[in-house]
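Commentary on secondary and tertiary structure
Spelled out, the chains give:
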Amino acid sequence: MTEIARFWHRHKWSYFFIAPGMFFFFVFLGYPVLRAVALAFQRVTLRSSEWVGLKNFIDVFSSQLFRDAMWHTFLYAFFVVAAWILSSLAVAALLQPFSNRVQSLFRGAFYLPYVTSIIVISLVWIYIFQPEYGFLNWLLGLFGLPRVLWLQNPNIALWSIILSTIVVVPGTGVVLYSASIGSIPRELYEAAEVEGANAVQKWMRITVPLLKPTTLYLMVIYTIAGFQVFERVYIMTGGGPINRTTTIVQLIYMTAFSDFNFGRASAQALVLFAIIATFSFIQFRFLSTDVEY
């Protein structure tokens, strides 16, 4: 019996059981991805397609709207990722002195917003930002300040969307950071105390470096989420006013399903993939470590 035959005789039932999952993976994920790559090099209509080479990519990078959408997405991702990482780490550190039961209670409280539909949350923020009777303008009125057009002013609409995102501490980060901090051996802190290290030094020299694997994971998934922002912008502003809040994913959606230019939309999606892959590579390059807690 050959090596391949022995391998198949030993593992054939394993492949039998994963076959349904692999079938749906290739049909609903693998094939659409390959099809999108092919469409990026074609001019596609509802009836026909024509190979155009790199023309779609040339049109994408020569489009001012795409450059603006990319800049808006960069701004959103940068501030959101930084705020989420810092706020998650701060909250997780503040929870450490409490008992496990209290920590679990707060973890659940911080994670609760993530089981709520982003559509519902966006609709709530629309009412908060409402110019006439919104909560924020009501607060400003208490101090005699004028009303602000939070989502209607082109100069602050994007910042309003960013604000609505960063004020909610991400539950995933709190849970993971809390678990990671709790798993760091206490002996390390005791040894640092013997050497005369204060609380800040212990935090910067022990806690933060040993949390690099968790930070890397959260930074990668938050960066991906930041670059793929769509629902919040689509519901709150629709990309307006005057395209000042349009993001890359929303532009892909409009190009494909409003303009019916599927080739250019696929090219935009491939550019977004390349950007996310580049940022992920850089993050793995500088934050990866062999030490994990």
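Preceding block: the structure.
As a starting point, this report considers the structure included with it. Keep in mind that what you see is a predicted model, and the values were worked out from it rather than measured.

**Describing the nonpolar core**
Counting residues in hydrophobic clusters, the biggest one holds 31 residues, and the most contacted among them are F129 and Y177. Counting residues per element, this core draws most heavily on helix α3 (residues 64–95), which supplies eight residues. With residues up to four places along the chain from it excluded, the contact list for F129 reads L136, W150, L151, S160, L163, S164 and M236. By size, the runner-up hydrophobic cluster in this structure holds 20 residues, among which are A77, F227, A265 and A267.

**Here's the deal with the environment of L163**
Following the sequence through the fold, L163 ends up in helix α7 (residues 157–166). Expressed as a C-alpha distance, the spacing of L163 and Y76, which sit 87 residues apart in the sequence, is 9.7 Å.

**Let's talk about helix α5 (residues 118–128)**
Of all the positions in α5, only S122, W125 and I128 are classed as buried. Buried residues of α5 fall within an arc of 110° about the axis and therefore sit on the same side. Buried positions along α5 lie against α6 (135–142), α7 and α12 (231–236). Measuring from the backbone nitrogen of I119 back to the side-chain oxygen at the start of α5 gives 3.2 Å, which picks out S117 as the cap.

**A word on the packing of aromatic side chains**
The full count for this structure, using the stated rule, is 26 aromatic pairs. Chaining the aromatic ring pairs together yields one cluster made of F230, Y234, Y253, F257, F260 and F262. If you follow R285 out to its NZ or CZ, it ends over the ring of F286, 5.8 Å from the centre.

Conventions and cut-offs
- Residues numbered from 1 in each chain as written.
- Predicted model: local features only at pLDDT ≥ 70, side-chain atom pairs only at ≥ 80, totals over all residues.
- Heavy atoms only, no water.
- Core = buried A, V, L, I, M, F, W, Y, C linked by side-chain atoms within 4.5 Å.
- Buried < 20%, exposed > 50% of the residue type's maximum accessible area, 1.4 Å probe, protein only.
- Helix = DSSP H or I, 4+ residues; strand = E, 2+ residues; numbered from the N terminus.
- Contact = heavy atoms within 4.5 Å.
- Arc of directions from axis to C-beta.
- Polar contact = N/O pair within 3.5 Å; in protein donor to acceptor, adjacent residues only side chain to side chain.
- Phe/Tyr/Trp six-rings, centres within 6.5 Å; stacked < 30°, edge-to-face > 60°.
- Lys NZ or Arg CZ within 6 Å of the ring centre and 35° of its normal.

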